[in-house]
Amino acid sequence: MSVRVLRDQVMGTDLLLVLPPQEQAAVLEWLRAAERVFSRFDPASDTSRVNAGGPVVVSELFLTALDEACGYFDATGGLFNPFLGAELARLGYDTDFALVGTPEVAASPVPARAPAVHLDHERRAVTLSPGLAVDLGGFVKGWSVQRAAEASRVPYGMIDAGGDLVAWRPENGTPWRIGVEHPLRERPAGVLELPAATTAVATSSVVRRSWHDRAGTGLHHIIDPRTGEPARSDCAQATVMTADLAAAEVYATCLLLLGTREGPRWLAGHDPGAHWVTVDRDGRVRSSVALT
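Residues numbered from 1 in each chain as written. Predicted model: local features only at pLDDT ≥ 70, side-chain atom pairs only at ≥ 80, totals over all residues. Heavy atoms only, no water.

Comments concerning the layout of surface pockets
Looking at the second largest pocket, its volume works out to about 220 Å³. Forming the walls of the second largest pocket are 13 residues, and the residues nearest its centre are Asp160, Gly163, Gly179, Val180 and Glu181. Classifying every residue of the lining of the second largest pocket by side-chain character gives five nonpolar, five polar and three charged. (1 Å grid on protein atoms, 1.4 Å probe; cavity = no way out; pocket = protein on both sides within 12 Å on 5 of 7 lines; lining within 4 Å. Points joined across faces, edges and corners; volume = space filled by probe spheres on them. Nonpolar A, V, L, I, M, F, W, Y, C, P; charged D, E, K, R; others polar.)

Now the structure itself:
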């Protein structure tokens, strides 16, 4: 079976598929369908309709993803929070990132409250408390890519959406090697060899989607739910390598929020088999696994 490389755009990011052509078409169709369901910027999406006030009947796809995200909210003690859409909008990220301008000075941040959300699986309905807004963002990108990889019928391939990827191969196949971007320098932070037959890698960064308000204050899209404002730890970028991309997305975000000292200890307690790479705001690279 012939494997080819396809580059495209989906979910506001670059997509790289290393798959046979017929698999590429199926993956692209699936990811674009997920984008229509989960986009914060499409008024017809399930996300937008839920954020407008409920109860709202949603697709099974939306309900499943939100339910899983709520599970990670509970498992991380709220450090991962899928209900920060209102905070992002307040900071100016209320449209597709390519169109984000220079907002007025943001209002004083309010620590994100514990979300009040009701999932009615029987009616397939979601109800949010007033003022709350869903933002599944990077989580649903990883969640969707993971499910596309699990549905693949080929023994060798890779799906990479903006650096969040799943790569797989036969047990005796040549390991994948991937570069980790350095957010502050032109050269890479290093190259990872993916040891398992199937490996997921996710990266969270305060540099990639960043902007300034009219007062010149630097803003970015990683919101700390403990403060309601952009994360201010010493970590500029966190990469996590584990078995599931949705989990890797969650862990990379939490690692970035907690910083380069507390974050790795926290991750070891939640997923002892996970590996990580961090880059601090001074550009120093740390890693739990050898980089080349």
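Next comes the rest of the account.
Remarks on the pattern of salt bridges
In the structure shown here, the tally under the stated rule is nine salt bridges. We note a salt bridge from Glu68 to Arg147, for which the minimum N-O separation is 3.0 Å. With Glu68 in helix α3 (residues 60-75) and Arg147 in helix α5 (residues 137-151), this pair connects stretches of sequence that are 79 residues apart. A relative accessible area of 23% means that Glu68 is categorised as partly exposed. The salt bridge partner of Asp280 is Arg286, with a shortest N-O separation of 3.2 Å. Under the relative-accessibility criterion, Asp280 is labelled buried at 7%. The partly exposed category is assigned to Arg286, whose relative accessible area is 21%. (Salt bridge = Lys/Arg side-chain N within 4 Å of Asp/Glu carboxyl O. Helix = DSSP H or I, 4+ residues; strand = E, 2+ residues; numbered from the N terminus. Buried < 20%, exposed > 50% of the residue type's maximum accessible area, 1.4 Å probe, protein only.)

Describing the sheet that holds strand β5 (residues 125-128)
Reading across the sheet, the three strands line up as β3-β5-β4 and stay open at both edges, with antiparallel pairing between neighbours. Of all the strands in the sheet, just β3 (56-57) and β4 (117-120) have a single pairing partner and so form its edges. Relative to β5, β4 runs antiparallel, the two being bridged by four bridges. Its bridge partner being in β5, Leu119 is matched across the sheet by Val126. Sitting on the sheet, α3 touches β4 and β5, and the angle it makes with β4 is about 135°. (Pairing = 2+ DSSP bridges. Contact = heavy atoms within 4.5 Å. Axes fitted to C-alpha atoms, helices over the stretch in contact; angles between N-to-C directions.)

A closer look at the packing of helix α1 (residues 21-38) against α3
Any two packed helices are characterised by how steeply their axes cross, that is the angle between the axes, and by the distance between the axes. At a minimum axis distance of 10 Å, the contact between α1 and α3 shows a crossing angle of 80°. Accordingly, the angle class assigned to the pair α1 and α3 is roughly perpendicular. Facing α1, whose interface residues are Trp30, Ala34, Val37 and Phe38, α3 presents Leu61, Phe62 and Ala65. When its residues are assigned to classes, the contact of α1 with α3 shows seven nonpolar, no polar and no charged. (Parallel < 35°, antiparallel > 145°, perpendicular 65-115°, else oblique.)

Focus on the nonpolar core
In terms of nonpolar packing, the biggest core is built from 66 residues, with Phe38, Phe62, Leu66, Val126, Leu136, Phe139 and Ile159 touching the most fellow members. The dominant element in this core, judged by the number of residues it contributes, is helix α6 (residues 245-270), at 14 residues. Each residue touching Val126, except ones within four places of it in the same chain, is listed here: Val50, Gly54, Pro55, Val56, Val58, Phe62, Leu63, Leu66, Val117, His118 and Leu119. Formed by 15 residues, the second largest nonpolar core is a distinct cluster that contains Met158, Ala167, Trp176 and Val279. (Core = buried A, V, L, I, M, F, W, Y, C linked by side-chain atoms within 4.5 Å.)

On their own, these measurements won't tell you what the molecule is for.
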